[in-house]
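Overview (structure and organization)
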Amino acid sequence: GGVAGAVSLVLQAPEFLFRVELGEGGQLTGFELAGRLAAFLWQSAPDDALLDAAADGVLDTPEGLRAEAERMLADPKAERGVLGFFAEAFTLDHLDQLVKDREVFVRMTPTLGAAMRGEVEALLRWLVLDEDADLRTLLTTRTVFVNPELAALYGLPPVDGPGFTAVQLPDGHPRGGLLGTAAFLATHAHATVTSPTFRGKAIQNQLLCFDVPPPPPGVPLNLEADPEGAPPTTTREKLARHAEDPTCAGCHQFMDPLGLALENFDAIGAWRTTEAGHPIDASGGFRGEPFVGGRALAERIAATDDFAACQVRRLYRFGLGHLEARSEEAAIRELAQGFEADGRRFRGLVLALVSHPAFRAVGPLDEEGDE
């Protein structure tokens, strides 16, 4: 009984459930920095070498902290941290329990969601860990990683083995980059039909850090009914009502024109040319510029400064474990400028973040600049 009581107390202690960061003089201690660094880069606890570095004062300087981060990034456990960040950024965990109507989508199987997630993770390993490429390549690459199930879904020649094979898409193939993955397309769709609104909102939120607010209370969400008696035949026709209603247009103007460019992909990410017997119009608009199709959309997003700056902001939140305060905007801008100057390489951004004074601070700064 005594042992059970002691164990129960330990398991409920805040120090067991959370990484407690109290610091000294507004700065994290060496051991607190070791915990933050291990959680950030490995999603795990510090190893002996990192604990020794903390005990010896190595982590007390930006140079020592950066050196330990370089060592940790060279360790295979760094894959867990990198993939963990992008899994959160792109909501890849939703694929673990992907639900689609199997009567509508005969290709939907119990293993398809895991295959979709595996493709994005293989793409990230290649671009971020192996190639250390410009992060914008994630949107524009013509390389996909497919297993036999995804190859069939994408209309590509069969591949061998249960793993993922890198395939270079042929010229003219409409797929490519993150927006062309079944993972993105299926996650942001309904069980039976697509949702340009969901897809457009995900692009604004995940790629551009533009948060679209939820619809106000009382707004009708049923786009099937038509007060004049003529039901719309395509998703584009249904969404046209958003543009006509001032209550909806204020927000939907930022989502629908993006998602409509992906309408050639159904709710599990397979290619289609018609909807309800009507040809699909995949034209869209991005910041007043018209285009057609998902690849054109991805190229326009990659060409902006906002995509790279958004990923800097999201990594800042992930690494420090909190939403930024207003006083931290200067630090994020500084990191974004360095990221651009460094060729938008993810590894360099990670090292710049851990070397920045903000990484050592205890919690966010308030609006007056005090910790």
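Scroll up to find the structure.
These remarks concern the structure in this document. (Residues numbered from 1 in each chain as written. Predicted model: local features only at pLDDT ≥ 70, side-chain atom pairs only at ≥ 80, totals over all residues. Heavy atoms only, no water.)

This paragraph deals with the overall build of the protein chain. Check the secondary structure of the protein chain and you find 19 helices and six strands. Against the 2.2 N^0.38 benchmark of 21 Å for 371 residues, the protein chain shows a C-alpha radius of gyration of 23 Å, consistent with a compact globule. In terms of overall dimensions, the protein chain has a C-alpha envelope of 75 × 60 × 50 Å along the principal axes. Carbon and sulfur atoms make up 55% of the accessible area of the protein chain, which totals about 17,900 Å². In the protein chain, the 32 positive side-chain charges and the 55 negative ones have mean positions that sit 4 Å from each other. (Helix = DSSP H or I, 4+ residues; strand = E, 2+ residues; numbered from the N terminus. Rg over C-alpha atoms; globule rule 2.2 N^0.38 Å. Areas by Shrake-Rupley, 256 points an atom, 1.4 Å probe, with all protein chains shown as cover. Lys, Arg positive; Asp, Glu negative; His and termini not counted. Charge placed at Lys NZ, Arg CZ, Asp CG, Glu CD.)

What follows covers the packing of helix α16 (residues 306–320) against helix α18 (residues 346–355). Two numbers describe how α16 lies on α18: the axes approach to 11 Å, and their chain directions differ by 50 degrees. Between α16 and α18, the crossing angle belongs to the class labelled oblique. For the element pair α16 and α18, the recorded crossing hand is right-handed. Here Val312, Leu315, Tyr316 and Leu320 of α16 come into contact with α18, specifically with Phe346, Leu349, Val350 and Leu353. Here the contact of α16 with α18 is built from residues that sort into eight nonpolar, no polar and no charged. (Axes fitted to C-alpha atoms, helices over the stretch in contact; angles between N-to-C directions. Parallel < 35°, antiparallel > 145°, perpendicular 65-115°, else oblique. Left-handed = near helix turned anticlockwise from the far one by under 90°. Contact = heavy atoms within 4.5 Å. Nonpolar A, V, L, I, M, F, W, Y, C, P; charged D, E, K, R; others polar.)

A few words on the packing of aromatic side chains. Following the criterion strictly, the structure yields 10 aromatic pairs and no others. Between Phe85 and Phe346 the ring centres are 5.7 Å apart and the planes differ by 25 degrees, which places this aromatic pair in the stacked class. Residue Phe85 is found in helix α6 (residues 78–89), and its partner Phe346 is found in helix α18; the two are separated by 261 residues along the sequence. Of the residues examined, Phe85 reaches a relative accessible area of 2% and is grouped as buried. Between the aromatic rings of Phe86 and Phe346, the centroid separation amounts to 5.1 Å while the plane-to-plane angle is 45 degrees, which identifies the pairing as tilted. With Phe86 in helix α6 and Phe346 in helix α18, this residue pair connects regions lying 260 residues apart in the sequence. As far as the burial class goes, Phe86 and Phe346 line up, both buried. Between the NZ or CZ atom of Arg36 and the centre of the ring of Phe359, over which it lies, the distance is 5.6 Å. A cation sits over an aromatic face here: Arg175 above Tyr154, 3.9 Å from the ring centre. (Phe/Tyr/Trp six-rings, centres within 6.5 Å; stacked < 30°, edge-to-face > 60°. Buried < 20%, exposed > 50% of the residue type's maximum accessible area, 1.4 Å probe, protein only. Lys NZ or Arg CZ within 6 Å of the ring centre and 35° of its normal.)

So, on to the nonpolar core. Among the nonpolar cores identified, the biggest contains 100 residues, and Leu207 and Ile301 are the most heavily contacted of them. The greatest single-element share of this core, amounting to nine residues, is contributed by helix α7 (residues 112–130). Those residues in contact with Leu207 that lie beyond four places of it in its chain are Phe90, Leu139, Leu178, Leu179, Ala202, Ile301, Asp306, Phe307, Cys310 and Gln311. (Core = buried A, V, L, I, M, F, W, Y, C linked by side-chain atoms within 4.5 Å.)

A positive phi angle, near 55 degrees, is found at Cys209, a position not held by glycine. Inspection of the secondary structure assignment puts Cys209 in the loop between α11 (196–208) and α12 (235–244). The phi dihedral of Arg287 is positive, around 55 degrees, even though this residue is not glycine. By the element assignment, Arg287 lies in the loop between β5 (283–286) and β6 (289–292). On the basis of relative accessibility, which here comes to 54%, the residue Arg287 falls in the exposed class.

Take the side chain of Arg314 next. Tracing the sequence through the fold places Arg314 in helix α16. Of the side chains bearing the opposite charge, Glu88 lies closest to the buried Arg314, which forms no salt bridge; the N-O distance is 6.3 Å. For Arg314, the side chain forms a polar contact with the main-chain oxygen of Ala89, separated by 2.9 Å. Those residues within four positions of Arg314 in sequence are excluded, and the remaining contacts are Phe85, Glu88, Ala89, Asn205, Gln206 and Cys209. (Salt bridge = Lys/Arg side-chain N within 4 Å of Asp/Glu carboxyl O. Polar contact = N/O pair within 3.5 Å; in protein donor to acceptor, adjacent residues only side chain to side chain.)

A contiguous nonpolar patch, built from Val3, Val7, Val10, Leu11, Phe16, Leu17, Phe18, Val20 and Leu22 and spanning about 910 Å² of accessible area, is present on the exposed surface. No other element matches the four residues that helix α1 (residues 2–12) contributes to the nonpolar patch. With respect to the helices, strands and loops of the structure, Val7 is situated in helix α1. In this structure Val7 comes out as partly exposed when scored by relative accessible area, which is 42%. (Patch = residues over 30% accessible without salt bridge, like charges linked within 9 Å, V, L, I, M, F, W, Y side chains within 5 Å.)

By the definition in use, this model includes 20 salt bridges. The partner of Arg344 in a salt bridge is Glu340, and the shortest N-O contact between them spans 3.5 Å. A residue is classified by how much of its surface remains accessible, and Glu340, at 42% relative accessible area, is partly exposed. It is possible to trace a salt-bridge network through shared partners that takes in Arg313, Arg317, Glu324 and Glu329.

All right, on to the pairing of β6 then. With four bridges joining them, β5 and β6 adopt antiparallel strand pairing. For Gly284, the partnering residue across the bridge sits in β6 and is Phe291. The turn linking β5 back onto β6 is made up of two residues, and Arg287 within it adopts a positive phi angle of 55 degrees. (Pairing = 2+ DSSP bridges.)

Function cannot be inferred from these measures alone, as they are strictly geometric.
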